[in-house]
Amino acid sequence: MADFEIPELTEKRVVPKLVPGAMSHSAPHVADPELQDPLGYPGELVDNWEQVAIDKLGELKGKYRGLQVFLDACVRCGVCTDKCHFYLGTADPKNMPVGRQELLRSVYRRYYTLAGKWFPRLVGARDMTQEVLDEWYNYFHQCTECRRCSVFCPFGIDTAEFAMAGREILNSVGKGQKYANEVIGKALTIGNNLGLSGRAIADTLESLEEDVEEESGVKVRFPIDEKGAEVLLVVPSADFFAEPHVDGLIGYGKVLHQAGISWTFSSYAAEGGNFGLFIGSYNNTRELSRRVRKAALDLGVKRIVFGECGHAWRVAYSSLNTLAGPFDFLDPRYPVPQHICEVTYDLMKRGVLKFDKSQNDHMVLTFHDSCNVARASRLGDMPGGQFTIPREIIKATCNHFVEMSPDTLYDATFCCGAGGGLLTDELMEVRVKGAMPRMQAVKQVADNHGVTHMANMCAICKSQFTKIFPYYGFGKDMIVSVHQLVSSAIILDKQD
Ligand code: SF4
Ligand code: SF4
């Protein structure tokens, strides 16, 4: 099945012996000039790229003060070394968070510290060379920007910031990643990551309405571009057709229908995902965010609700206001934006939604905390809501729920292995190996507690796991959306 070795799922986590260069061959496809241009980057390696890269590093560390602190603060304590799923799965020391940081820090030292300028060898400073550039390209695309390492670092050093800065520099010199940049280009020009036309989305939604009516006997609407609706629902475009994403989307529709809340999608902003974050591009992240604001204004909605997508929620929760605000035209009684899990949870608590849990009795469930929700956002108005709210929804809709090993939960969750722009076929080896710690935890609950399904609330996690589970001997049907469980259990009022 694979032309690489699949890691063994041992009973306990084993820190691997170092295998230097184990993943030095892994690199994503490079973006063609026509993919670079719409994003504002040079199409190919610029003539004086060494100086451009050095200058860009200087600009970024000046602009993002956190990066400057992270470049200076590491004391080489080693705590982070075994915290990255990519190191655990590949044994490559450059996949240790501190090793990944060193790729950038060594160049920073050379050009921006006195010791590095005068005694480069003594302090491990490196010139900006083609070899360094290639290493950046390969290893900054073996980081899902999941931030697990930062949870354990005593100084909170966030390796994701290094990967994002590294990718922004790579793009600035003309060496961008094909997959991420192609996706951003489609979202900027067409309005969603998959390049789906408004007509295609409308057709899909029409068939969904028919399917749901046939299954439930209730006419649940899935409207698009309807002016005057109360809610603009912004979902990852995979929700429109991928499995199990679309089952979650059906759940969102049923919740809003049952609550009597009018809502609509927008064909102009038919995308919750924002890959601008992944390449560390403020400009592109902002442009994509602005589409959401424009769609909300054009449609005259009162609220914006995001669907199940980890990094979409991270951008929306952390910076939608500063990127694309003000949102003073929305109803001030609701947070801007809201997450669909917050909406469902609130309705559930107020007794607006009722569930028949037995509809999910064929499943013994566990839940995977998605990195960007767990470590970069919150849900609801209480600390830790991003952990409790999805679990409360699952427990309200299912009778059988089992947690995985505690050291893989909440803010210590292990990444699915494909966030941060790694969800592309040429990176399958790193994706499979990086998923190993999560697979180990899944195997434990499957073996010991009969777990049959794993619920997720992130589009990338769902896509990655449905692809990766079979490599480890599990069925791809084990992956379900949180709102898929809601969809199955919700009791809809029958029409007269
Ligand atoms: S951010 Fe995640 S993927 Fe990147 S080094 Fe840290 S733990 Fe590894
Ligand atoms: S845990 Fe933090 S301070 Fe320690 S080696 Fe890792 S990045 Fe450096």
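Residues numbered from 1 in each chain as written. Chains lettered and ligands numbered in written order. Predicted model: local features only at pLDDT ≥ 70, side-chain atom pairs only at ≥ 80, totals over all residues. Heavy atoms only, no water.

> Quick rundown of the packing of helix α3 (residues 65-73) against helix α9 (residues 159-173)? Include the residues and the values.
In the contact formed by α3 and α9, the axes pass within 10 Å of each other and the chain directions differ by 115 degrees. The angle between α3 and α9 falls in the class roughly perpendicular. Judged by the sense of rotation from one axis to the other, the crossing of α3 with α9 is left-handed. Here Leu67, Phe70 and Leu71 of α3 lie close against α9, whose contacting residues are Glu161, Phe162 and Ala165. Of the residues contributing to the contact of α3 with α9, the split by class is five nonpolar, no polar and one charged. (Axes fitted to C-alpha atoms, helices over the stretch in contact; angles between N-to-C directions. Helix = DSSP H or I, 4+ residues; strand = E, 2+ residues; numbered from the N terminus. Parallel < 35°, antiparallel > 145°, perpendicular 65-115°, else oblique. Left-handed = near helix turned anticlockwise from the far one by under 90°. Contact = heavy atoms within 4.5 Å. Nonpolar A, V, L, I, M, F, W, Y, C, P; charged D, E, K, R; others polar.)

> How would you sum up the site of ligand 2? Please name residues and give values.
Lining the immediate surroundings of ligand 2 are 13 residues, of which Cys74, Cys77, Gly78, Cys80 and Cys153 lie closest. Here the residues of the shell around ligand 2 are counted per class, giving ten nonpolar, two polar and one charged. (Near = heavy atom within 4 Å.)

> Would you mind going over the site of ligand 1 in detail, with residue names and values included?
Taken together, 13 residues lie around ligand 1, and Cys84, Cys143, Cys146, Arg147 and Cys149 are the ones closest in. Contributions of two or more residues to the shell around ligand 1 are made by α4 (85-90), α5 (97-112) and α8 (148-152). The residue inventory of the shell around ligand 1, partitioned by class, reads six nonpolar, three polar and four charged.

> How would you sum up the sheet that holds strand β7 (residues 479-481)? Please name residues and give values.
Adjacent strands of a sheet pair through backbone hydrogen bonds, lying either parallel or antiparallel. The three strands are arranged β5-β6-β7 in an open sheet whose pairing can be described as parallel. Because the sheet does not close on itself, it has two edges, and the strands there are β5 (365-367) and β7. Sheet twist, expressed as the average angle between the axes of neighbouring strands with direction ignored, equals 35 degrees. Bridge count for strand β6 (residues 453-456) against β7 is three bridges, and the pairing is parallel. Bridged to Ala455 within β7 is Val480. (Pairing = 2+ DSSP bridges.)

> Mind laying out the packing of aromatic side chains, listing which residues take part and the relevant values?
Scanning the entire structure with this criterion turns up 13 aromatic pairs. Relative to Phe265, the ring of Phe240 has its centre 5.2 Å away and its plane inclined at 75 degrees; by these criteria the two rings are edge-to-face. Of this pair, Phe240 sits in the loop between β1 (231-234) and α12 (245-259) while Phe265 sits in the loop between β2 (263-264) and α13 (282-299), and the two are 25 residues apart along the sequence. Residue classification places Phe265 among the buried positions, given a relative accessible area of 2%. Members of the aromatic cluster, connected to one another through ring pairs, are Phe222, Phe240, Trp263 and Phe265. Of note, Arg148 hangs over the ring of Phe414, and the distance from its end group to the ring centre comes to 3.7 Å. (Phe/Tyr/Trp six-rings, centres within 6.5 Å; stacked < 30°, edge-to-face > 60°. Buried < 20%, exposed > 50% of the residue type's maximum accessible area, 1.4 Å probe, protein only. Lys NZ or Arg CZ within 6 Å of the ring centre and 35° of its normal.)

> Go over the environment of Tyr334 with me, naming the residues and quoting the values.
Relative to the elements of secondary structure, Tyr334 occurs in the loop between α14 (310-324) and β4 (338-339). Spatially, the C-alpha atoms of Tyr334 and Arg303 are 7.0 Å apart, while their sequence positions differ by 31 residues. Apart from residues no more than four positions distant in its own chain, Tyr334 is found in contact with Glu230 and Arg303.

> Go over the nonpolar core, please, and point to the residues and values.
Ranked by internal contacts, the top residues of the largest apolar core, which has 70 residues, are Leu205, Phe222, Leu249 and Phe265. With sequence-adjacent residues up to four places away left out, Leu205 is seen in contact with Phe222, Pro223, Ile224, Phe240, Leu249 and Phe265. Formed by 51 residues, the second largest nonpolar core is a distinct cluster that contains Ile460, Phe465, Tyr471 and Met478. (Core = buried A, V, L, I, M, F, W, Y, C linked by side-chain atoms within 4.5 Å.)

> Talk me through the pattern of salt bridges; I want residue IDs and the actual numbers.
Enumeration according to the criterion identifies 30 salt bridges in this entry. Glu145 is the salt-bridge partner of Arg167, the closest N and O atoms lying 3.3 Å from each other. On the criterion of sequence distance, the pair formed by Arg167 in helix α9 and Glu145 in the loop between α7 (130-140) and α8 is long-range, its members being 22 residues apart. Taking relative accessible area as the criterion, Arg167 reaches 2% and is therefore assigned buried. A relative accessible area of 3% means that Glu145 is categorised as buried. With a closest N to O distance of 2.8 Å, Arg391 and Asp369 form a salt bridge. Of this pair, Arg391 sits in helix α17 (residues 385-397) while Asp369 sits in the loop between β5 and α16 (371-376); the two residues are 22 residues apart in sequence, bridging distant segments of the chain. Owing to a relative accessible area of 2%, Asp369 belongs among the buried residues under this scheme. A single salt-bridge network, built from bridges that share partners, covers Lys56, Glu59, Lys63 and Glu168. (Salt bridge = Lys/Arg side-chain N within 4 Å of Asp/Glu carboxyl O.)

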